[in-house]
Every structure is written in C-alpha cells, then in structure tokens.
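# A closer look at the structure
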Amino acid sequence: MDLQEESSRFGSLRGMILRNLSSSSSAFFSANQSPFFSPRTSICQIPTQSDLPSNISSNGGDLLVSGLEIPNPKPLTNDRFPSSDVSPIPATSTSSDFQKLNRAASPAGNYNSTPSCYGIGSGSDYFRCREQQKKLGQYHGTSYSPTSTTFSSNRLRSCDVYIGFHGRKPLLLRFTNWLCAELEVQGVSCFVTDRARCRNSRKHRIIERTMDACTFGVVILTRKSFRNPYTIEELLFFSGKKNLVPVYFDLGPDDCLVRDIVERRGELWEKHGGELWLLYGGLEKEWKDAVSALSRVDEWKLEGHEGNWRDCILQAVTLLALRLGRRSVVDRLTKWKEKVEKEEFPFPRNENFIGRKKELSELEFMLFGDVSGDAEREYFELKARHRRKNVKIGWGRSSSAAEERQREGQKESCRRKGKEPFLWKESDREIEMQSTESPQTQHQSPKPKNGGRQGRRRRSTDVVYGKGIACVSGDSGIGKTELLLEFAYRFHQRYKMVLWIGGENRYIRQNYLNLWPFLEVDVGVESGLEKNRIKSFEEQEESAIARVRKELMRNTPYLVVIDNLASEKDWWDHKPLMDLLPRFGGETHILISTCLPRVMNLEPLKLSYLSGVEAMSLMLGGVKDYPVAEIDALRAIEEKLGRLTFGIAIIGAILSELPINPCRLLDTINRMPLRDLAGNGRDSHSLGRNKFLLQLFEVCFSIFDHADKPRSLATRMVLASGWFAPAAIPVSLLALAAHKIPEKHPHTRVWKMFLRSLACGFSSSYLRKSEAEASSMLLRFNMARSCTKEGHIQLNEVIKLYGRKRGVTGVAQAVVQAVISRGSISQHSEHIWATCFLLFGFGKDQTIVELKVSELLCLVKQVILPLAIRTFITFSRCSTALELLRLCTNALEAADQALVTPVEKWLDNSLCWKPIRTNAQLNPCLWQELALSRATVLETRAKLMLRGGQFDIGDDLIRKAIFIRTSICGEDHPDTLAARETLSKLTRHIANFQMHTSA
C-alpha cells in the first residue's frame, strides 16, 4: 500500500476525530475538570500581518512584536506529507473547540476581528505529522519546521505561558504549583499540565492547541523527564518555535548531554540513563535532537536546586515578564525582594547552632511528607503513622446529616475510580481533614444504613505528617526558637517568604495583621456600607482576618512561624487560634513553638535536651582543654541547670569572656544569694523550680556591676526589659528606661542630675557609647539576642520574667515614661500597647502605673488617640480600639473626680486667707484642659460607633461631648459645631433605622 493511499485513510480518520471534538461532549468540559487549568487566564491577542503597526520592521524574515518572535509563514512544499494531509482545519470544528477553550481560559469575552495568526497553526501540523508517523509506523526522524495555518472564521486566543512537567513527587508538584501561582499573581496567564496523566484524547487535543497558542513554553526537566515521550515532544515543538524555556529541577544544563545520558556516565545517569527512547518506542534521532536543543538555549539558565527554589522562580518570572513587556512586574518584584531581604527574619542565623539533626529532619517530614538531601540519611526512628478512619484537627462536630451524606457520596465516587480522597470540611468551629477507610477496612462487612455513630466518630491524632503543620513543645529556654530559626533558614528557599509571628496571646492577632505589607493585602476597615447595610464591628474584624487568610490559602507557599504560642485562644475575644490559620494541607506551612502540652488536638514534637557531647561542646566552644576535674564541674553545672540550652549557652559565654575555670564558676554560683521574687503566681512558681539558673543570672549581674559600676546600665536594661512587650526592643529606648530607674539614694540621684546638666553635650555622646557597650555586653553573655532590625535586641522571656519579678521599685514607671517620651506608634506599637496595659488595667489586670494629670493629658493627646485610630482604621481591630478609648475615658473621669474633690489645707483654717476647696479651683486651666480632652475622646468614640452601627451608644457619647464643650468653649466654637454635626449624622441614621424596622 503506497503512502498516498495511507494518507487518504488518515485524512478521513482525522475528519472523524475533529467532528467528535465539535460534538456536545466538548473538549471544554474535559479541560475544565483538569486541576491544572488556570482559571484566571488573561487574553493575549496575536496580531496578523495587517494588524501590525507600520513602525515594526522585519528582520531576517521574523517579526518582532513586544519582544516576541513571530516567524513568517513558510510554504508546505518541503514537508514530508502531501499538502492535502496538512490542509487547514475546517472552520466549523475548529471554531467550536476554540470558543470552548477560550471560555474556559478567560471570561473576558470573544474577539471579533479577522482571524489570521503567524506561527500558531504550526503546532497542529506538527502533531498531525506525529499522529501520521505513529499511524503508519514510520519513525524516520522527520525534521520539523514551523509553518502557518490561517483560520477563516475565528481568532485564536492564547495564554502567555505553557508549563509542562512530568512526575508526581511532592516537591516537584510544589515547585510547579508555586511557579504557576507566582506568574498568575503577576498577571501572566498560565496553562499547567502533566500530559502523561491525561487519559483522554480530547484533553490531549486541547493541550496541543494551547501549546500552539502560548507565547512561551516552559518545560520543567527532571532526571526522569527524558524517558517521557510527551516531554520530548514539548522540547522539539517549543525549540522549533524558538520559545522554549527549560527549567532544570535538581539538574543542571551540563548534566543534560546526550552522550552522558546514553552511556550512563556519572552518578546521576548511572541509574536513570541509557537508551531512553526505547522505553516508549520512540526514535533515536528525535530523542537526541530534543536533548541537543537544550544546549542551544543560552539565554535561559534556570536551575531549581534544593537551596534556590525561590531565586529560580523569581528569576523565571522576571525574565518572562521582561520578554512579555511587563516592566511594572519587574519593578514590583524588585521592591518586594528588597523589603524581604531586610525584614523576613527577625534574628540573624546562629552560626554556632549545635545538634538537633533528628528534630530538623522530623520537622521536614511533618511539613513536606518527605525528606531530601543529607536529611534523608540523617533521619531515623520516625513514629509510624497509623492509618485512621478520620483525622481531626480542631474542635466541634459536624451536625449536618446532609453534609455526611454528601461526603459519603464523594467517597464512594472516588472509590469507584480507584482513589482514596482527602475531603476537607471547614466551619466556624472546626477545620478537619477526613480520610476514607484503609484498604483493610474497605473489604470488611458493610456499615449499617444509618452510618453508625462509630463510623463517624472523630478522633485526635498523635502526629500528622505531610499536612503542612508542625508543633514543637518544650520548657522555656530549651531551644525552641533556635530550632525554628534554623529550620526557617535551611528551608526558606522552599517558600516565597518566612512570616514570623510572636505568639503571646495579647499580641498574636496584631502580629498576624502586621503581615499585610508582605502579602500585599489591605486589612483596613471598609466603608461599612454593603447593600445599604452597615457592617458590625465583629464582621469588619473577621473580614480583615479573612483577607490575610485568603492570601495564605493560595498556591503560593509561605512558612508561617508562630513563636512562643501562649494559648490556643485569643486574649481579647477568646476566639480559637484556628480562625487565623489557613487550611491545613495547602501550600502554606504552619510551624508553632509552645510550652503547652498539646495544641489543636495535635501531639507536638517534644523537644528534648541536648546530648552530653553537644552540651559540652556548647559550653567549651572548642577553644579550651580542661582536665577531668573541670569537665566533671561542667557536667555538674549542666545537671544543676536542668540541662536547659539557654543556661548552658550563658555558661559557655562566661567561660569564653572571663579568665575563670569551671570549678571556680560552679563555686561562685552556689554561693550567690537569691533575691525574693515579687508575687506568688504561676510565673513565680516556674522560676522557683530552677534556683540554680536564677543564681546564674545574679552572677551575670555581678559581673556587669563589676565591669561598669554598681547598678550598671546593662543590669538596669535587663530589669527594664521585663515590662516591655515580647518583641524586639530599640536599644535607645531600653537604655532610656534604664536611666530613668530611680536610685536607692534620692539625694545622690539629684546630685548626678545636676552634674549631667553641666555637661549635656558630653553626656549625650557618653550615653550613646554606654548604650552600645551595655547592649554589647548583654549580647556577648548570651543574655540577649541580636535582631536583623538595626539598633534592636531581644531578651529571652525567662530573663525578662526574672527581671519583672525581681521586685525593684520604679522600673515600670520608668518604662512608661520612656515609651511616652520616645516611642513611635508606627515603629514601636507593641511597646506602646504594653504601656497601655500597665496604665489602664485591661481585663482583670490591675493598674500598675499611675500618672500625674499633666502626664495623662500628654499621653492621651500624643499616644492614645493616634494609637486607637490607627488600630481601628488600619487594622480593623474595632473592639480593641474602642476598649482602649473606654478605659482612657474612665481614667480621665477618675482624674477629673480627683480634681473636684474637696481638699484640706492648713490655709483653710486661717482667718487671713480665703480657703481653696478643690484642685480644680487651684488650677482651673488644668481642669479645663482635662475636660476638653475627655470631650475629644468621647467624640472619637462616637464617630467610631457610627462606623459600626452602634447609633444609640454613639448618640449618648456625643451628647456628653457637646455638653462639655458648650460649658467651656461656648455654642459657636468650631469644636462644638463639629460635634453637633456628628450628632446630626447619628440622628439621621437612627431615624432611618427606625423607619426600616417599622416597615
């Protein structure tokens, strides 16, 4: 049978296939079911020759449009098959298929311009030739050159980037999803697929047409890609169109040489190399041409190795954006990378990190479900995960029978397909991951028709591997933060960014919302109007949280580190932590450190002590050689410290900084007297359990005092740090608070203040020098940790607690005064909130610091009002801001009551003087300023109540403010008129509300 006859038979078969493609069982349905289909594909218009502007010139037969080469059409006379076999696809079948694909790719509508494309129809010819070769059994290495096909009734719509890959390894899928998500976030439309997993010919046809229409073809290459026929076809096709973008995953361009692969040269190809075209029945010349094409792509050097995922993906996005003419994308990525380099990590990496190899490997396995590289050899003795019927992370129980039936139906459908699905359910009270039965239980006796309570019973899990969440638990000072920091530095390239959150329950929600600049979302309060309805405060807060949470639930991977989680519930409204976290099992991973025994029904990774060799290495530092007696003293110190890593690190710092041997240091610590701790709460009890550690702290204070002077600045900085927030503290602010701590002898303090005033110029430079020396001393003795933010340090929570419980009077007052005078709301908001906690006594806390009336007025004007407005408007923390203003109002009213309370003075009984009965009469200007300040706070509260629909409360507040201002300023004062305008707004809203409710 001659070739012409075979060609005619193939042509009829092709017509039948095309007619099937245009039938009601459309290819669009198959593409829409694909999980790799990009739902946000934008429209890329491909111009015709007539559409091109006149200023675009032709160079070498190719047209250059926006940096993209569109080759001119070439005649079909040189093709292997006759022109009848490569004739244009009929418009009837092509139009319907591409309209369906266009609707799936982009909802923007259709183009109605003339259909003429250059370099687009060539892929159809290529794939038809491939089908003819397979049909006729002739694999003779047909050379491929781009051709052109003109469509008469429709215009092709294309995506920007086609991404092809092959494999099911979790890390490869994670890398591919991240690349696609990053491109789509930047406005580049993508089509991602593993063609080897497509079992439907219609899907293959749609993918082939997408390859025709895309601007660039990204092919992710692994060591197993060269045995996949679809990857070989993609390399040939895109290299022929000169738009191939190879991305080497765990490979390099130098590894992809034909000779090395075929002859199994090197460790890489010893197992995965050979004559790989034989594995799928392909052509040797075709395979070699595809691999050789990689060496001709010089402009793309994208290598995704274990330690450079982020750099590789951002480089790929930048280069593709440049080629697509998206300069704004490049500028935005450049600014974002500069910000991340400065603010991603809170602390620099610990270069002296010791041990914890097993814990690091287990954390990797818990988050990724896999270990790689050196960790695969280091990892051992993992807990075996028993397969359970249900794995629940969260609280509550589903009470909907319809949801149960729906889940059972989905399970049964997936069983028929030979799959075992993971079904996610999310509600206000729980986020759970449900798995179907194990294979052993699937073949057991069927369940009763009612399902059975035991079949739906929720059970907690010990350890969940591969679901993107891990929790580390241990005592304070054991090294949890160091472990999380080392893990973040080791694996930060697998994430777009590491998001570090402090977990103290008063600050965790604010810390969570502080992520908005990195996620590029707006968490500010909305206008409040939605379909003529004003959102409540709770709805506005939930909306802000949901916006951050939504960004974390995309395919872009982030590592959210919650350090030192104090409670599973928020301190302000007692809502569970689960309301903040994204759904488990996604691309974003959650890493938590806590002292709690369990978190969210998860059994945490119990962090044990360092081994004896590791602890000894940390104390010695590899510098000194001690005799056996000294080594025994070090072991005794380790045991007395409870083997806490924090205490061991301080011992190592003392031995390296001072000429003292371990035996003498042990004797010094034992003879150091202990101070009485203030209070008898749980914190005091936890400190009292390790008295040797407290004696070690006192030894350090003695060293500081001996190096500087009694009550050295370093010691006072430690005492002041206990009243700051659990965040990085500016050294200047900490030193200012330390200087304000009162001396034991007040007369000496007055004399020192007088001497300082005589040489104020010298004292400022001396203070800066002493601040640097004191902070350096704290860092050298491992009492504090350096921060990536310049001029900041952070002290361990154990020593901050000891400084707070040491019982020195006047420290909290000094901290409040320093923060009020030097603090910035935008830079030091955590420490300003800590000051508010000391002043106003939130919740059940007592007021610790009391201010004078003049200081309180300065605080309200410069700190409280700006802080409350910023918290409400910028972060949508409505309830928190209103509570702050309420407590501030109470404090102002208490101060006002103290001013108008009658006082007794010795002049009252004098016959020569008229008695003064109140402080308000003694200082009327101060009383008026206090009253006006209270009116300002009341007006601010009323305006905020207006934005949350609390009209009645706002009406009452604004009337009080109007009364105060009318009494002091008069009816026609601008402030009084502004308050009356606010009252009129509230009155209108109340009237409208009553009208709607009555109707």
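Below or above, wherever it landed, is the structure these notes cover. (Residues numbered from 1 in each chain as written. Predicted model: local features only at pLDDT ≥ 70, side-chain atom pairs only at ≥ 80, totals over all residues. Heavy atoms only, no water.)

## Quick word on the overall build of the protein
From N to C terminus, the protein includes 39 helices and 21 strands. For the protein, with 999 residues in total, the buried portion stands at 51%. Across the protein, the fraction of contacts at a sequence separation of at least 24, relative to all contacts at a separation of at least 6, is 76%. Split by element, the accessible area of the protein, about 48600 Å² in all, is 51% carbon and sulfur. (Helix = DSSP H or I, 4+ residues; strand = E, 2+ residues; numbered from the N terminus. Buried < 20%, exposed > 50% of the residue type's maximum accessible area, 1.4 Å probe, protein only. Contact = heavy atoms within 4.5 Å. Areas by Shrake-Rupley, 256 points an atom, 1.4 Å probe, with all protein chains shown as cover.)

## Focus: the sheet that holds strand β17 (residues 589–594)
Strands belonging to one sheet form pairs held by backbone hydrogen bonds; the direction of such a pair is parallel or antiparallel. The five strands are arranged β15-β16-β17-β14-β18 in an open sheet whose pairing can be described as parallel. The open sheet is flanked by β15 (497–502) and β18 (605–606), the only strands paired with a single partner. Two strands pair when backbone bridges link them, and strand β16 (residues 558–565) and β17 are joined in this way by five bridges, in the parallel orientation. Counted as the bridge partner of leucine 559 is histidine 589 from β17. Together, β14 (469–473), β16, β17 and β18 form the strand contacts of helix α13 (residues 357–368), whose direction differs from that of β14 by roughly 150°. (Pairing = 2+ DSSP bridges. Axes fitted to C-alpha atoms, helices over the stretch in contact; angles between N-to-C directions.)

## Structural notes on the packing of helix α32 (residues 811–822) against helix α33 (residues 829–840)
Geometry of a packed helix pair, given as the angle between the helix axes and the separation of the axes. Their axes nearest at 10 Å, the elements α32 and α33 cross at an angle of 135°. By the angle between their axes, α32 is oblique relative to α33. As α32 packs across α33, the resulting crossing turns out to be left-handed. Counting all contacts with α32, which are made through Ala812, Val816 and Val819, the residues of α33 involved are His831, Ile832, Thr835, Leu838 and Leu839. (Parallel < 35°, antiparallel > 145°, perpendicular 65-115°, else oblique. Left-handed = near helix turned anticlockwise from the far one by under 90°.)

## As for the environment of glutamate 603
Here glutamate 603 is to be found in the loop between β17 and β18. At a separation of 2.5 Å, a polar atom in the side chain of glutamate 603 contacts the side chain of arginine 598. (Polar contact = N/O pair within 3.5 Å; in protein donor to acceptor, adjacent residues only side chain to side chain.)

## Structural notes on the sheet that holds strand β9 (residues 244–249)
Strand order in the open sheet formed by five strands is β7-β6-β8-β9-β10, and the pairing between neighbours is parallel. Taken across any chain shown, the strands that pair with only one partner, and hence form the sheet edges, are β7 (190–193) and β10 (302–304). Strand-to-strand twist of the sheet, defined as the mean angle between neighbouring strand axes without regard to direction, takes the value 20°. Relative to strand β8 (residues 216–221), strand β6 (residues 161–164) runs parallel, the two being bridged by four bridges. Residue isoleucine 163 lies in a different strand from β8, and its bridge partner there is valine 218. On the sheet, helix α7 (residues 229–241) packs against β6, β8 and β9 and is oriented at approximately 145° with respect to β8.

## Concerning the environment of alanine 868
The residue alanine 868 is located in helix α34 (residues 853–873) in this model. Put simply, alanine 868 and threonine 880 are 12 residues apart on the chain and 8.1 Å apart in space, counted from C-alpha to C-alpha. Excluding its chain neighbours within four sequence positions, the residues that come into contact with alanine 868 are Ala881, Leu884 and Leu885.

## A few points about the pairing of β16
Of all eight residues in β16, seven are buried, a share of seventy percent or more. Here β15 pairs with β16 via six bridges, running parallel. Across the sheet, the residue bridging to tryptophan 500 is valine 561, located in β16.

## Focus: the packing of aromatic side chains
Per the stated rule, a full pass over the model turns up 28 aromatic pairs. Relative to tryptophan 269, the ring of phenylalanine 226 lies with its centre 5.9 Å away and its plane at 70°, an arrangement referred to as edge-to-face. One end of the pair, phenylalanine 226, is in the loop between β8 and α7; the other, tryptophan 269, is in helix α9 (residues 266–272), and 43 residues separate them in sequence. Ring centres of phenylalanine 697 and tyrosine 802 lie 5.7 Å apart, and the angle between their planes is 45°; this geometry places the pair in the tilted category. With a gap of 105 residues between them, phenylalanine 697 in helix α26 (residues 691–707) and tyrosine 802 in helix α31 (residues 797–805) connect regions that are remote in the sequence. Of the two residues, phenylalanine 697 and tyrosine 802, neither departs from the other in class, the shared state being buried. Joined through ring pairs, the aromatic side chains of Tyr507, Trp571, Trp572, Trp833, Phe837 and Phe842 make up one cluster. Looking at arginine 494, its charged tip hangs above the ring of phenylalanine 368, at a distance of 4.5 Å from the centre. Looking at arginine 785, its charged tip hangs above the ring of phenylalanine 347, at a distance of 4.6 Å from the centre. (Phe/Tyr/Trp six-rings, centres within 6.5 Å; stacked < 30°, edge-to-face > 60°. Lys NZ or Arg CZ within 6 Å of the ring centre and 35° of its normal.)

## Regarding a positive patch on the surface
Positive charge collects at one region of the surface, where Lys169, Arg223, Lys224 and Lys271 lie side by side. Examined against the element boundaries, arginine 223 turns out to sit in the loop between β8 and α7. Assessed through its relative accessible area of 32%, arginine 223 is described here as partly exposed. (Patch = residues over 30% accessible without salt bridge, like charges linked within 9 Å, V, L, I, M, F, W, Y side chains within 5 Å. Salt bridge = Lys/Arg side-chain N within 4 Å of Asp/Glu carboxyl O. Lys, Arg positive; Asp, Glu negative; His and termini not counted. Charge placed at Lys NZ, Arg CZ, Asp CG, Glu CD.)

## A closer look at α13
Owing to its 3.6 residues per turn, the α-helix brings residues three or four apart onto one side. When the terminal C-alpha atoms of α13 are compared, their 16 Å separation across 12 residues agrees well with the 16 Å that a helix rising 1.5 Å per residue should span. Of all the residues in α13, the buried ones are Glu359, Leu360, Ser361, Glu362, Leu363, Glu364, Met366, Leu367 and Phe368. A positive backbone phi angle near 75° is found at glycine 369, which sits one or two residues after α13. (Expected span 1.5 Å × (residues − 1).)

## Some words on the environment of valine 291
By secondary structure assignment, the location of valine 291 is in helix α10 (residues 284–295). On the accessibility criterion, valine 291 (1% relative accessible area) is buried. Measuring from C-alpha to C-alpha, the distance between valine 291 and leucine 257 comes to 7.1 Å, with 34 residues separating the pair along the chain. Setting aside chain neighbours within four positions, we find valine 291 in contact with Phe226, Cys256, Val258 and Ile261.

## Notes on unusual backbone geometry
For lysine 242, which is not a glycine, the phi torsion comes out positive at approximately 60°. Mapped onto the fold, lysine 242 is located in the loop between α7 and β9. Although it is not a glycine, histidine 574 adopts a positive phi angle of roughly 60°. By the secondary structure assignment, histidine 574 is in the loop between β16 and β17.

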